[in-house]
Amino acid sequence: MKKSLKLPVLIAVALSTALLSSSLAVAAPKPGEVGSTTLRASHPQKPTSWNYLQDGTSAFFVPTYLNILESLFETDSKGALKPLLATKLAVSKDGLTYTIDLRKATFHDGSEFTSADVVYSLEKNKTATNGLLSSPLAVTKSIKASGPSKVIVKLSRPSNSFREALGQPATMIAPSGYFESDNVGKKLIGTGPFSFGAFRQDIDLHLNRNAKYWGTKPFFKKVIHQFRDDEPATISALKTGQLDVVGMLFGAGVDQVKPFITDKKYQTFFWPSTSASYLFLNPKTTALKDIKVRKAIAHAINRKPIIDAAVGGYAEPGCLMVPTWTSPWNSNYCPYKFDVAKSKALLKDAGFADGLELDFPYLTLAEFPASFEVLSAQLAAVGITVKGRGQDIATWIAKVWATPTPEYDINHITNNAPLSTFGCKGTTTPYGYEALCDEKFESLIASSDSIVDPKKYVAAMKETANYVADQAWVIEIFSKNEPGIANAKLTGIAKARTSMEMDYRNIKWAK
Amino acid sequence: MIRVFIRSFTLMVISAFTGSVVVFVLLRSVGGDIATVMLGTRATQESLELLRETFGLNRSWVEQYVSWIGGVLTGNLGEAYSKQYVISTEIAQRLEPTLILTFGSLLISIPIALVVGLYSAMNFKRWRGASVDGIAQIGLAIPQFFLALVLVLIFAVRLGWLPATGYVSIFTDPVEALRSMVLPITTLSLGITAVFTRFVRTSMIEQMNEDYMRTAKAKGRTVRSAAIIHGLRNAAIPLVTTGALQIGALIAGSVVVENVFTIPGIGRLLLTSAVTREAITVQSLSLVILIIILTMNLFMDVLYGILDPRIRHKEARK
């Protein structure tokens, strides 16, 4: 070849090779496309803090629990404990000593997970201002390491609440010294399959796949968990392909779920609620001290229209203060079924033949405004007039919930407080703050938690739940099935939740 | 001019201080605080007290205000109670989308309003003028959240031309940034365009009857050229003041628009902080917004003086 031809030929070969290789190269799938390693999910709530010793709201646990932070065990869909950071649990016959074997794992900061971290974390959780963590750990007498991978917990009395909490956020583990470090409140460090990535205040949190995770590594390298409180706008974003998973709709978005059920491009899922939605009555209101009036209110409630209006029909009606999914003490027991005539008669008997007026400050979020509308109409039908006024969550907690001098007569909340947190020494309204000290109820909740025999425990809890329903200070309406929507090509979306989490661990693209 | 500036600046400082006190008192009067929000339905009297002590919320209002304003005066807005962010950094990061949104809306609204308002004024006795006025009325009446949802349904969901939500920084990808801001700016500017259009229309109708307009026409100008060359300039002077006054309305509108379109601007931060009772953030943010509005007003006062010689002469006579 002539020297003058060499350079153009070389250039031509190089260019053709580049063109050929670029045409053969497969472009990485974009987010939303099958094979993409980025998952874009949304939830309506944003955490107010990243310090779980302080933050008791469910919004904190939604993106973090099981994804970033792991507890000793997790709770499966039947309510049983399943190993997580712990591999084995042995409980002494008297129910006072728990021996917990731990697995080998590594924290996101690279440090090894050991028994010292469990002792540190449980001691911290026990003194947390967040009652979700501290309440079930209050019965611990000592928490001691026995070698690097064993922990022995001694209780002051047997406690079923403690045993159940082993599979709940109460036993989330952080590395020793974490709460004294600069990371607290800013960055979470756990052992989960995802690490805490970039966080944009009230916009999103990035969860990055943990390459050193002890278990099966998740498919997605990155999960962008977005905080979107405008549910109709969220649905639009899903339709335009800006989102892959929309979790736990509870506001205006609930009414838009129906068309997705039959749309083949999407899948809908309904997480059984871990909470109960109920009316509660103020023990300090004179008229309500008469059980006839409380029974009259209970008889006036027709659950189906409330469920349809407030949560799009996605709920199970119920009369017991028990979430419908796991509790073995749940039943169909319903002492005061919908009966307008009976309700009117009871009111007349109680001396309110001409009617009764009650103050009903309701929350201006989620299902509460719609449920208020239906409830006020149902109560009006039996002669009870409610004076409604909307309150945002902060005002409502300060004036209705967490105060010894509450300003309400009747109210509605959806809450996952177990029955054990009721009782006049507890914090769950209307029983808490020593507002309602019923001797029989106090003895029931005090004794049931200490029962070691599982069968006797279930029987005692059933008796407690039924007694609460009989007294009608709290009147359960429904247990929600929280709807979510996802791209139809995704699999592995959890069918139930341990606590309040959106579990991203097993989600992947279908083959 | 200097007198105008000094007077306006003094007024601005007093207004900013008064505004900060009002916001501070209002926030503490609505009920609830960050401790109640954080602890939610698991709050106990003891845990609430403990958290309030941690955050310094159990101090007197005067102590809390002095502590905060002291920080502001030394340029330190502090950290959010939640420790999730440093307030000044967060505000600085969020100014970009909000400024693009508000000033983008203003830049679009004013020229449209001038053209449409002028057209309407020149045809105010005909059906064409009345119909423009009618459309402006409709623009005023449509709520922003509703307009946003309709625009998203048409241009994002149905046609797929524009993204439904989100924001891309102009420094990351200018084309995507423009695409992401089309619907929010359209939403925010519709109402304000209607306000400006009606303002220009009324102002132009007044100007059309002025002596100088008759003189211009007598000199051989057509109605249109007299209106454009002479009338519009005079009609635009009060528009400057109206424009400055509407900055507040635009920022208030940005709260709604940023929330619907999930734009990480100061409007969205203000809303979420108010809901979660992040009092220091709300106070600081309100002060920043107040200063922006007052600065714009100051700027407009000065500009007004430059545009209208009568103001300058009146001040000089004082």
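Residues numbered from 1 in each chain as written. Chains lettered and ligands numbered in written order. Predicted model: local features only at pLDDT ≥ 70, side-chain atom pairs only at ≥ 80, totals over all residues.

Overview of the overall build of chain A
Okay, step 1: Regarding its fold elements, chain A presents 14 helices and 20 strands.
Okay, step 2: Projected onto its principal axes, the C-alpha positions of chain A cover 115 × 55 × 40 Å.
Okay, step 3: The burial tally for chain A puts 51% of its 511 residues in the buried class.
Okay, step 4: Of the contacts made within chain A by residues no fewer than 6 positions apart, 69% connect residues no fewer than 24 positions apart. (Helix = DSSP H or I, 4+ residues; strand = E, 2+ residues; numbered from the N terminus. Buried ≥ 20, exposed ≤ 12 C-beta atoms within 10 Å, placed from the backbone. Contact = placed C-beta atoms within 7 Å.)

A look at the overall build of chain B
Okay, step 1: The helix and strand inventory of chain B stands at 13 helices and zero strands.
Okay, step 2: Along the chain direction, N to C, the helices and strands of chain B fall in the order α-α-α-α-α-α-α-α-α-α-α-α-α.
Okay, step 3: Its C-alpha atoms give chain B principal-axis dimensions of roughly 85 × 60 × 35 Å.
Okay, step 4: Counting over 318 residues, chain B shows a buried share of 40%.

Some thoughts on the environment of B:Ala164
Okay, step 1: Within the element layout of this structure, B:Ala164 appears in the loop between helix H7 (144-158) and helix H8 (174-208).
Okay, step 2: Between the alpha carbons of B:Ala164 and B:Leu149 there is a distance of 9.1 Å; along the sequence they are 15 residues apart.
Okay, step 3: When neighbours within four sequence positions are excluded, B:Ala164 is seen to be in contact with A:Ser236, A:Ala237, A:Thr240, A:Gln242, B:Val152, B:Ala156 and B:Val157.

Side note on the confidence of the model for chain B
Residue and element names in this part refer to chain B.
Okay, step 1: Here chain B shows a mean pLDDT of 87. Residues at 70 or above account for 96%.
Okay, step 2: Predicted confidence in chain B is weakest over helix H13 (residues 309-317), with a mean pLDDT of 66, and strongest over helix H4 (residues 61-73), with 93.
Okay, step 3: Across the assembled chains, the prediction reports ipTM 0.81 with pTM 0.86. (pLDDT = per-residue confidence, 0-100.)

Remarks on the interface of chain A and chain B
Okay, step 1: The interface of chain A with chain B comprises 43 residues on the first partner and 43 residues on the second.
Okay, step 2: Of all the elements in the fold, those that place two or more residues in the side of chain A that touches chain B are helix H4 (131-137), helix H6 (231-239), helix H12 (393-401) and strand S17 (410-415) of chain A.
Okay, step 3: The dominant element in the side of chain A that touches chain B, judged by the number of residues it contributes, is H12(A), at seven residues.
Okay, step 4: Its residues assigned to classes, the side of chain A that touches chain B comprises 16 nonpolar, 17 polar and ten charged. (Nonpolar A, V, L, I, M, F, W, Y, C, P; charged D, E, K, R; others polar.)

Focus: the pairing of strand S5 (residues 97-102) of chain A
Residue and element names in this part refer to chain A.
Okay, step 1: Because side chains alternate across S5, one face comprises the buried residues Tyr 98, Ile 100 and Leu 102, and the other comprises Thr 97, Thr 99 and Asp 101, none of which is buried.
Okay, step 2: Two strands pair when backbone bridges link them, and strand S4 (residues 86-91) and S5 are joined in this way by five bridges, in the antiparallel orientation. Directly across from Lys 88, in S5, lies its bridge partner Asp 101.
Okay, step 3: Between S4 and the antiparallel strand that follows it, S5, lie five residues; Gly 95 among them carries a positive phi value of about 75 degrees.
Okay, step 4: Of the strand pairs in this sheet, S5 and strand S7 (residues 150-155) are connected by five bridges, and their pairing is antiparallel. (Pairing = 2+ DSSP bridges.)

Considering the sheet that holds S5(A)
All names here are of chain A.
Okay, step 1: Strand order in the open sheet formed by four strands is S4-S5-S7-S6, and the pairing between neighbours is antiparallel. Only two strands of the sheet have a single neighbouring strand rather than two, namely S4 and strand S6 (140-145). Neighbour-to-neighbour, the strand axes of the sheet open up by a mean angle of 15 degrees, direction not taken into account.
Okay, step 2: With five bridges joining them, S6 and S7 adopt antiparallel strand pairing. Bridging from a neighbouring strand, Ser 142 pairs with Lys 154 of S7.
Okay, step 3: The strands touched by helix H3 (residues 115-126) are S5, S6 and S7; relative to S6, the strand with the most contacts, the crossing angle is about 160 degrees. (Axes fitted to C-alpha atoms, helices over the stretch in contact; angles between N-to-C directions.)

Some details on H7(B)
Okay, step 1: For H7(B), which comprises 15 residues, the first-to-last C-alpha distance of 20 Å matches the rise-based estimate of 21 Å (1.5 Å per residue) to within 8%.
Okay, step 2: At B:Val152, H7(B) is deflected by roughly 30 degrees, the largest bend along its length.
Okay, step 3: Among all positions of H7(B), only B:Leu147, B:Ala148, B:Leu151, B:Val152 and B:Ala156 are buried.
Okay, step 4: Residues of H7(B) that are buried make contact with H6 of chain A together with H8 and helix H10 (223-260) of chain B. (Expected span 1.5 Å × (residues − 1). Bend = angle between axes of the 7 residues up to and from the residue.)

What about the packing of H7(B) against H10(B)?
All names here are of chain B.
Okay, step 1: Their axes nearest at 9 Å, the elements H7 and H10 cross at an angle of 30 degrees. In terms of crossing hand, the pair formed by H7 and H10 is right-handed. Of the residues in H10, those in contact with Gln 144, Phe 145 and Ala 148 of H7 are Gly 253, Val 256, Val 257 and Val 260.
Okay, step 2: Here the contact of H7 with H10 is composed, by residue class, of five nonpolar, two polar and no charged. (Left-handed = near helix turned anticlockwise from the far one by under 90°.)

Section: the environment of A:Phe196
All names here are of chain A.
Okay, step 1: Of note, Phe 196 is situated in strand S8 (residues 194-200).
Okay, step 2: Separated by 132 residues in the primary sequence, Phe 196 and Thr 64 place their C-alpha atoms 8.4 Å from one another.
Okay, step 3: In this structure Phe 196 touches Ile 68, His 108, Lys 187 and Leu 188, once residues within four positions along its chain are discounted.

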